[in-house]
Amino acid sequence: MNVCTKRRFGLVAIALMGVALVLSLMRLPGTVLADENSNPADVAWNFNPNVSTDLVDMTFEGKIGDWQGIHIDATNGKFSPRTDNGDTQINPGTKLSLSAENSEHGATLTLTGSGNAPGVSCTCGGTDIQGEVSGKSISFEIPESGGDINLSFNSQSYLSYMSLTYIVPFPGDPTDVAVKDTTWDLSNLSETDQSFQNSGIQRGEVDGLKIDASGSEAKFAPREGDTQVNANTVIYVPIAQSEYGATLTISGQGSSVTVKVDDKDASFNTPIDLSTTENAHYVAISFGGSGSSYITALSVDYAEDTSTYPGTPDVSATDTTWDLTGTDADAIQNARGDYENLRIDALSGKFDPRESNTQVNPGTVIYVPIAADAQGAILRIEGNNNGNLDITLDDSLLGGNIEHESVSLGRDIAIDATNTHYVALTFSGGNGNSPSCYLSSISVDYGSDKAESYHVVTVGANGDYQTINEALADNDSSLKDHLVLSIAPGSYNERVIIDKEGVIFQNADETNEHPVIIHAAYYSSNTWDTDGTYLPQDKFDLGTNECATVLVRASGKGFSAPRYYLPE
């Protein structure tokens, strides 16, 4: 956070009341525009009498007067504030005079009209100053020496604002910037009055960000819940030097606004790679196009900084499976969050738990906690990758030795478990307009965790459950904590699907003299149409892949049934 100081105002003393009014107008908490030891402070005047109420009834025609440090000569003209229009009418022949202080780099005087740019000429210290028109504004570059400024209006004008901005090297070089992940929350600035716009205070600083709203129609205006940033505004973000790089994410929206980061095209809510090998510097976010964008946050994520996010997990070397099915947990999108003790970075992606699986979109990073284990660990990811996303694993900056390794679903991945750390699974790319990957589980199997447990339930007329399917539906099972179904001898007329790891079927008759028989009347007619679509002949015709009496899914790893009989 930046500590902002109140600045003295350098307008040459004109009248004590005028100076006091300028100070009251310009003292904005949190906006630092110049170094108080080298440059005067900027000054702005609002010519809307509904805002500057001391303008009401202050009309000059055929006479002279003063207002907030400005001398008004309307001997041959007219100066007439208009409450109905929210501006001040200035007729040809009117002259305004003010003063600029000496400054190292000079100043810019800008006049903005309510309709068109004011028709006015300018001299400073007796020298003509050429004006530059941009939209509704005209600007004059005031020399370093400053001096008396005289404005002569040569056409009827309707003045809304005037500002005197002392030029400082902008944005300069950042100081005290560290390699530390940083997020600037722009959704909660509405009560700070830290706003900048072309027709007012044009440049300033907000929590270390430098704002340049000097372009035509430019604006940086905090609102309730976001900050409005208009086209032609530039936000400068401080970046520290780091050999490992960083990304910048602009969270927000703006359909008619274009974004460039250091002159390279960029998008909202998508990480942008930054070069960080040079000394500490600012990167420029330039908003182009037209209209407004609405920004909620700016985030810089240094690859080198893992202390803040994801941090170090609190985890033990116990085999763990994260079931990513059958949950109504909230989706994590354009944000960071946690799912059990998985850390989810979906600032530019989506992690959406659903009944059958969890949808993962490109731009998402899942951080899987790994405990220290001298015997290593095996990571396995189950699901389907219909969208052909690129899935990479990297823990080189998190305590491991894997760097951008491409991984596939349903395969064992050896993990260096020398240290407790996270491994990062990054999802990117993909085919189609909205590609996704659908995960059913993530598991970590530690080499040192050899212990297995078994919980037994009975099935049969006098058992815990009357049917095999009831027992399977009501109990969990894993490769370390097996579900054992002790099934009473007899005939069970049901189709059984094994979709849990480690399930064991066991004949309750230990002599095995009386068999367990499971049967069902499903079959395959092998009937297909010309397009290769299967054509079932009735409700029992499930096709070759589905008609088995006991069907073991891919997720039913480790199933065994040593003591019962299954007829074909």
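Structure: above.
Worth saying up front: this structure is predicted, and the values here are computed from it rather than measured.

A. Geometry of the sheet that holds strand S13 (residues 147-153). The six strands lie next to each other as S3-S4-S7-S13-S9-S10, forming an open sheet whose pairing is antiparallel. Among the strands making up the open sheet, the edge pair consists of strand S3 (64-67) and strand S10 (127-129). Within the sheet, the average angular offset between the axes of one strand and its neighbour, ignoring direction, is 25°. The pairing of strand S9 (residues 120-124) with S13 spans five bridges and is antiparallel. The residue bridging Thr123 from the neighbouring strand is Asn150, located in S13.

B. Examining the pairing of strand S23 (residues 257-261) more closely. Here S23 shows a buried face lined by Val257, Val259 and Val261 and an unburied face lined by Thr258 and Lys260. Here S23 runs beside strand S26 (residues 281-289); their pairing, made up of five bridges, is antiparallel. Across the sheet, residue Val259 finds its bridge partner in S26, namely Phe287. Examined bridge by bridge, S23 and strand S24 (residues 264-266) share three bridges and lie antiparallel to one another. The residue of S24 that forms the bridge with Val261 is Lys264. In this antiparallel pair of consecutive strands, S23 and S24, the connection spans two residues, and Asp262 shows a positive phi of 50°.

C. Fine view of the sheet that holds strand S43 (residues 504-507). As summarised here, the arrangement of the three strands in space is S39-S40-S43, forming an open sheet in which the pairing is parallel. Each edge of the open sheet is held by one strand with a lone partner, namely strand S39 (453-459) and S43. Between one strand axis and the next, the sheet turns through 30° on average, direction left out of account. Inspection of the sheet shows strand S40 (residues 481-487) paired to S43 by four bridges, in the parallel sense.

D. Here's a closer look at the nonpolar core. Formed by 34 residues in total, the largest nonpolar core has its most connected members in Ile235, Val237, Ile250, Ile285, Phe287 and Leu298. If you list the elements that add at least two residues to this core, you get strand S18 (209-212), strand S21 (234-239), strand S22 (246-253), S23, strand S25 (272-274), S26 and strand S27 (292-302). Top element by residues in this core is S27. It accounts for four residues. In contact with Val237, other than residues within four places in its own chain, are Trp184, Leu209, His281, Tyr282, Val283, Ile285, Leu298 and Val300.

E. Main features of the environment of Arg203. Looking at the secondary structure, you find Arg203 in strand S17 (residues 203-206). A relative accessible area of 25% means that Arg203 is categorised as partly exposed. With 290 residues separating them along the chain, Arg203 and Asn493 place their C-alpha atoms 79 Å apart.

F. Representation of the environment of Gly502 within the structure. Along the polypeptide, Gly502 turns up in the loop between strand S42 (496-498) and S43. In this structure, the C-alpha to C-alpha distance between Gly502 and Phe153, residues 349 residues apart in sequence, is 89 Å. In this view, Gly502 contacts Ser477, Ser478, Leu479, His482, Leu483, Lys557 and Gly558; residues no more than four positions away in its chain are not counted.

G. Inspection of the pairing of strand S1 (residues 43-46) at higher detail. Burial along S1 is two-sided: the face carrying Val43 and Trp45 and the face carrying Ala44 and Asn46 are both buried. Here four bridges tie S1 to strand S14 (residues 157-166), and the two strands are oriented antiparallel to one another. Looking at S14, one finds that Asn46 is bridged to Tyr161.

H. Geometry of the packing of aromatic side chains. Applying the stated rule across the entire model yields 12 aromatic pairs. Clustering of aromatic rings is evident, with ring pairs tying together Phe47, Phe60, Trp67 and Phe79. In this structure, Arg495 is placed above the aromatic ring of Tyr522, and the distance from its NZ or CZ to the ring centre is 5.7 Å.

I. Region of interest: the pattern of salt bridges. Tallying each qualifying case throughout the model produces 13 salt bridges. One salt bridge in this structure joins Arg336 and Asp301, with 3.2 Å as the shortest N-O distance. Residue Arg336 is found in strand S29 (residues 332-339), and its partner Asp301 is found in strand S27; the two are separated by 35 residues along the sequence. Between Arg380 and Asp412 there is a salt bridge, with its nearest N and O atoms 2.7 Å apart. Within this pair, whereas Arg380 is found in strand S33 (residues 377-384), its partner Asp412 is found in strand S36 (residues 412-415), the two being separated by 32 residues in sequence.

J. Highlighting a nonpolar patch on the surface. On the surface, a cluster of nonpolar side chains totalling about 240 Å² of accessible area is made up of Tyr522, Tyr523 and Phe540. Position of Tyr523 relative to the elements: it lies in the loop between strand S44 (516-519) and strand S45 (550-552). A relative accessible area of 31% places Tyr523 in the partly exposed class.

K. Just a negative patch on the surface, in detail. On the surface, Asp323, Glu340, Asp476 and Asp481 cluster together into a negatively charged patch. Counting through the fold element by element, Glu340 comes out in the loop between S29 and strand S30 (342-353).

L. Examining the environment of Ser293 more closely. As for its position among the elements, Ser293 is in strand S27. Spatially, the C-alpha atoms of Ser293 and Thr227 are 8.2 Å apart, while their sequence positions differ by 66 residues. Excluding residues within four positions of it along the chain, Ser293 makes contact with Thr227, Gln228, Val229, Gln253, Gly254, Val257, Phe268 and Phe287.

Scoring rules and cut-offs
Residues numbered from 1 in each chain as written. Predicted model: local features only at pLDDT ≥ 70, side-chain atom pairs only at ≥ 80, totals over all residues. Heavy atoms only, no water. Pairing = 2+ DSSP bridges. Helix = DSSP H or I, 4+ residues; strand = E, 2+ residues; numbered from the N terminus. Axes fitted to C-alpha atoms, helices over the stretch in contact; angles between N-to-C directions. Buried < 20%, exposed > 50% of the residue type's maximum accessible area, 1.4 Å probe, protein only. Core = buried A, V, L, I, M, F, W, Y, C linked by side-chain atoms within 4.5 Å. Contact = heavy atoms within 4.5 Å. Phe/Tyr/Trp six-rings, centres within 6.5 Å; stacked < 30°, edge-to-face > 60°. Lys NZ or Arg CZ within 6 Å of the ring centre and 35° of its normal. Salt bridge = Lys/Arg side-chain N within 4 Å of Asp/Glu carboxyl O. Patch = residues over 30% accessible without salt bridge, like charges linked within 9 Å, V, L, I, M, F, W, Y side chains within 5 Å. Areas by Shrake-Rupley, 256 points an atom, 1.4 Å probe, with all protein chains shown as cover. Lys, Arg positive; Asp, Glu negative; His and termini not counted. Charge placed at Lys NZ, Arg CZ, Asp CG, Glu CD.

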